[in-house]
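# Breakdown of the fold
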Amino acid sequence: MFELKKLVSTLLMPLPALLLIGFFGLFLIWFTQRKGFGSFLVFVSLLLIGLVSFQPLSSSLLMKLERQHTQFLAPEEPVEYVMVLGHGHVVDDEIPPTSELSRVALMRLVEGIRIHFMYPTSKLILSGYDGGYEVSHARMLARVAMAMGVNKNNILLLETAKDTWEEAFQAASVVGQSNLVLVTSASHMPRALYDFQSAGLDPIPAPTNYMAQKEIQQPWIKYSPRAQYLEQFERFWHERLGQLWQRLRDKVAQQQDEFQGDPVTSPETAPDLQLESVPAN
């Protein structure tokens, strides 16, 4: 089910979907008599790719999603857990560990570490499955966190969670009623909070990785199609599809009271993975 969900969502992303429409239009032009309709599909494909790569459109849509929650504001009560949601990684011994993490994962981790250092007694929960690699994403995050001065005794790993739903229910079995700060991308925060609240948690949001900005002064940047604006629209579209999936999932399947996940692990439980620790200043 997880793989099918990812495949369908990938095909529904703007660039793959619009390219498929364009290529289908070329097929009609080259191999059928419906050349007019084929030309129309190619035109629509190119027009929409241009529109979703246009900053005034893509940034305005994404900003409404990203700015629903403010940056982390320290609460008066102590924080016992800081959880960083995973995103993606590669395993490549020829590049530094920080480059093995995706850009999004690295930004989430840095924000999580910043908040963890504000509450030195808190536990840092890192999540993410292996994604086909021999090392889980959670363990890759732990490697970088330890290199940045986090004590390995303060790290808990959720190494089998594949999506936010599983991360939420596995976290609930660990956190209980303790105070939890949830770190994820600003655009992902509304959907993440929905799943965590469904799991019985009430986390303090700590959004990061803000992508959309409106204060762009250079007209050659603001009004020319760019890949970064296409990425912003894809992020907006991905989150809207995710919210739709949440509603459909809740209607089809009755929510479980408890999610029976694998036990939480810690970095030292894998002796084959060399994690280097730098003492905190």
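Residues numbered from 1 in each chain as written. Predicted model: local features only at pLDDT ≥ 70, side-chain atom pairs only at ≥ 80, totals over all residues. Heavy atoms only, no water.

## Structural notes on the confidence of the model for the chain
Predicted confidence across the chain gives a mean pLDDT of 90, with 90% of residues reaching 70 or more. Every residue in residues 255–260 is under pLDDT 50, and counting partners more than four places away or in other chains gives seven contacts. Contacts of residues 270–281 to residues separated by more than four positions or lying in other chains number 19 contacts, the stretch itself having pLDDT below 50. (pLDDT = per-residue confidence, 0-100. Contact = heavy atoms within 4.5 Å.)

## Focus on the sheet that holds strand β1 (residues 81–84)
Within the open sheet, the five strands sit side by side as β3-β2-β1-β4-β5. Their pairing is parallel. Pairing within the sheet leaves two strands with one partner each, and these edge strands are β3 (155–158) and β5 (204–208). Looking at each pair of strands side by side, their axes are set apart by 20° on average, direction ignored. Sheet topology places β1 next to strand β2 (residues 123–127); four bridges connect them, and they run parallel. Paired with valine 82 across the two strands is leucine 124, which belongs to β2. Packing against the sheet, helix α6 (residues 103–118) makes contact with β1, β2, β4 (180–185) and β5, and its axis sits at approximately 155° to β4. Where helix α9 (residues 189–198) meets the sheet, its contacts fall on β1, β4 and β5, and the angle it forms with β4 comes to roughly 140°. (Pairing = 2+ DSSP bridges. Helix = DSSP H or I, 4+ residues; strand = E, 2+ residues; numbered from the N terminus. Axes fitted to C-alpha atoms, helices over the stretch in contact; angles between N-to-C directions.)

## What about a negative patch on the surface?
Together, Asp93, Glu94, Asp130 and Glu134 make up a negatively charged patch on the protein surface. By the element assignment, aspartate 93 lies in the loop between β1 and α5 (97–100). (Patch = residues over 30% accessible without salt bridge, like charges linked within 9 Å, V, L, I, M, F, W, Y side chains within 5 Å. Areas by Shrake-Rupley, 256 points an atom, 1.4 Å probe, with all protein chains shown as cover. Salt bridge = Lys/Arg side-chain N within 4 Å of Asp/Glu carboxyl O. Lys, Arg positive; Asp, Glu negative; His and termini not counted. Charge placed at Lys NZ, Arg CZ, Asp CG, Glu CD.)

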